Amino acid sequence: MNTEQLLTLGNRVDYQNVRSYLEAHGWNRIPSRRLQAAIYRSSRAPAVEVQVPLDRDLIDYGEAMVAVARRIAEHEQRPAESILRDLLRPRRDLHRFALEGAETQDGGIHLENGLSLVNGVRKALLSSACSIKRPGTTFHPRMSLADAEAFLRECRLGQTEVGSFVLTVEAPLDVAPHRSVQEESFGRRASLLLLRSVGHVASAVRAGEPGRVLEPAQGEPVVSANLCEALVEMMPPDESADLRLRSSWSPLLPVEPQVPSEVHVDRNMYEAIEKLSHQLRPSRGAQPNQFVGRVVELMGEPGEQGQVEGAVVLQAQVEDELLKVRVLLGAADYRQATAAHLTQRYVTVRGILRRGSRVHQLEQASHFELVGT
C-alpha cells in the first residue's frame, strides 16, 4: 500500500479509537504540555512513544495518524496498514487466515482452493459459536443455534493483505446490538475459543500427542469434530501449504496475555487432524440412509459391455451440511445420473456414508432414482 492510500486510511481513523487501542495493549499515557496531542509510552521493552493527535481538524491529522500507526506497527512487528485497519473497526475482532506455500507466494490462489478456504473458515466460526452455547460438546449434528447463526451473519470479509493469500474476517464483539461492551461478549468468547481450540489442536499434534484433543486436561478447550473438519476443508487438496491464523483484538475489550494471537498449522498435521475429526464424531452403527442431491460431476468410463458406468459426485444435504459424495453406479443408474446432470434434477440414493476430507464415499449404493419419477 502506497503513502497516499495509507494517508486516506489515517484520515478516517478516530483518535478515540487509537487511545482505546493503546490503553488496551498496555501503553501508558504520560504528561504532555501539548493540548492537541496525547503522548503514550509502551510498557513493553524496548520503550516506544507515540503522539496521538486530539483534533480531527488539524491539517496534518492523517499524516500524524499514519506516523502513529507506523510506530505501533514497528513495535508489534506487523504492517502499518494492518494497524490502521484494526483502528477503523474497533468493535470487531479481526481474524486473518493465511495459506502459505508455493501456490500463494504471489498473493493469489486457485479458485477451488479459495472457495474451500472460505467454506472452512465459515464452518470454523460457526462451530466455535455453537461450542459457546453447548460447552463440552464434541460434535454438533446441527449448527443452527440462534446466537451462533446471528454471530455468523454479522461477520464480514475484509480486504486481503500483502504476502501469502490472506482471508480477513471481521468478527463482531457481540450479536446483541444494545448490550454494553463491559458485559460478557458472545462474539469475543466465540473468537477466543476459536484461537484456543485451533492452538490446542496444533500443539497436541505437533507434540505427537493427539490424544490430548480427545481427552483434554483441565483448562484445555473441548474441541469439536466440526472444527477439525473445518481445518481439513481449509487445506489445499495437495497439502501444499501451511495455515496461519492470526488475530488482532478490538481495543474495547481486554484480552488475557495467555491467549494466543497467532496459531500455525503445519501442512504435515492435516492427516492427523482429519483422523481426529472422525474420532470426535459419535460412533454409530453402519446403517444405510437415504440421501438427496444433485449430480455435479460425471466420472464414468465404458465398461466391458461398452456402456458407461462408474463414479459420479453428488452434492447432497447431510444433516446441516452440503457435502460432495462419490457414488459408484452401474450402467443403468449412470444413464439416469447423466440425465439428471443435464437437466439439473435432484436424485435420491440409499447407502452408507463414509466421510473423507473433501469428497466423501457412499458405500453399498442402491435405489438410485430421479426425484419425482
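Residues numbered from 1 in each chain as written. Predicted model: local features only at pLDDT ≥ 70, side-chain atom pairs only at ≥ 80, totals over all residues. Heavy atoms only, no water.

Novice: Residues and numbers for helix H11 (residues 331-343), please.
Specialist: Here H11 is 13 residues long and its end C-alpha atoms lie 19 Å apart, about the 18 Å a rise of 1.5 Å per residue gives. Within the span of H11, buried status applies to Ala-331, Tyr-334, Ala-337 and Ala-340. Where the residues of H11 are buried, they touch strand E9 (289-298), strand E11 (308-318), strand E12 (321-329), strand E13 (346-354) and strand E14 (359-370). Backbone geometry just after H11 places Gln-344 at a positive phi near 60°. (Helix = DSSP H or I, 4+ residues; strand = E, 2+ residues; numbered from the N terminus. Expected span 1.5 Å × (residues − 1). Buried < 20%, exposed > 50% of the residue type's maximum accessible area, 1.4 Å probe, protein only. Contact = heavy atoms within 4.5 Å.)

Novice: Tell me about the pairing of E11, and name the residues and values.
Specialist: As defined by bridge partners, E9 adjoins E11 across five bridges and the pair is classed as antiparallel. Within E11, the residue paired with Val-295 across the bridge is Leu-314. Taken together, the two bridges between strand E10 (residues 301-302) and E11 define a ladder with antiparallel strand orientation. Each residue of the ladder has a partner; that of Glu-301, found in E11, is Glu-309. In this sheet, E12 lies alongside E11 in antiparallel orientation, the contact comprising nine bridges. When the sheet's bridge partners are listed, Gln-317 is paired in E12 with Leu-322. What sits between E11 and E12 in their antiparallel hairpin is a turn of two residues, with Glu-319 showing a positive phi close to 55°. (Pairing = 2+ DSSP bridges.)

Novice: Go over the sheet that holds strand E2 (residues 37-41) with me, naming the residues and quoting the values.
Specialist: Ordered in space as E1-E2-E3, the three strands form an open sheet in which the pairing is antiparallel. Both outer strands of the open sheet, strand E1 (28-30) and strand E3 (49-53), are each paired with one neighbouring strand and no more. Between one strand axis and the next, the sheet turns through 40° on average, direction left out of account. Direction of pairing for E1 relative to E2: antiparallel, over a ladder of three bridges. (Axes fitted to C-alpha atoms, helices over the stretch in contact; angles between N-to-C directions.)

Novice: Break down the pattern of salt bridges for me, citing the residues and quoting the values.
Specialist: Taken as a whole, this structure holds 17 salt bridges when the rule is applied. Note that Asp-266 is salt-bridged to Arg-206, the shortest N-O span being 3.4 Å. Of this pair, Asp-266 sits in the loop between strand E8 (262-265) and helix H10 (270-280) while Arg-206 sits in helix H7 (residues 186-206), and the two are 60 residues apart along the sequence. We note a salt bridge from Arg-212 to Glu-209, for which the minimum N-O separation is 3.2 Å. The class for Arg-212 is partly exposed, based on a relative accessible area of 24%. The class for Glu-209 is partly exposed, based on a relative accessible area of 39%. Because the salt bridges share partners, they merge into one network encompassing Glu-76, Arg-78, Asp-86 and Arg-96. (Salt bridge = Lys/Arg side-chain N within 4 Å of Asp/Glu carboxyl O.)

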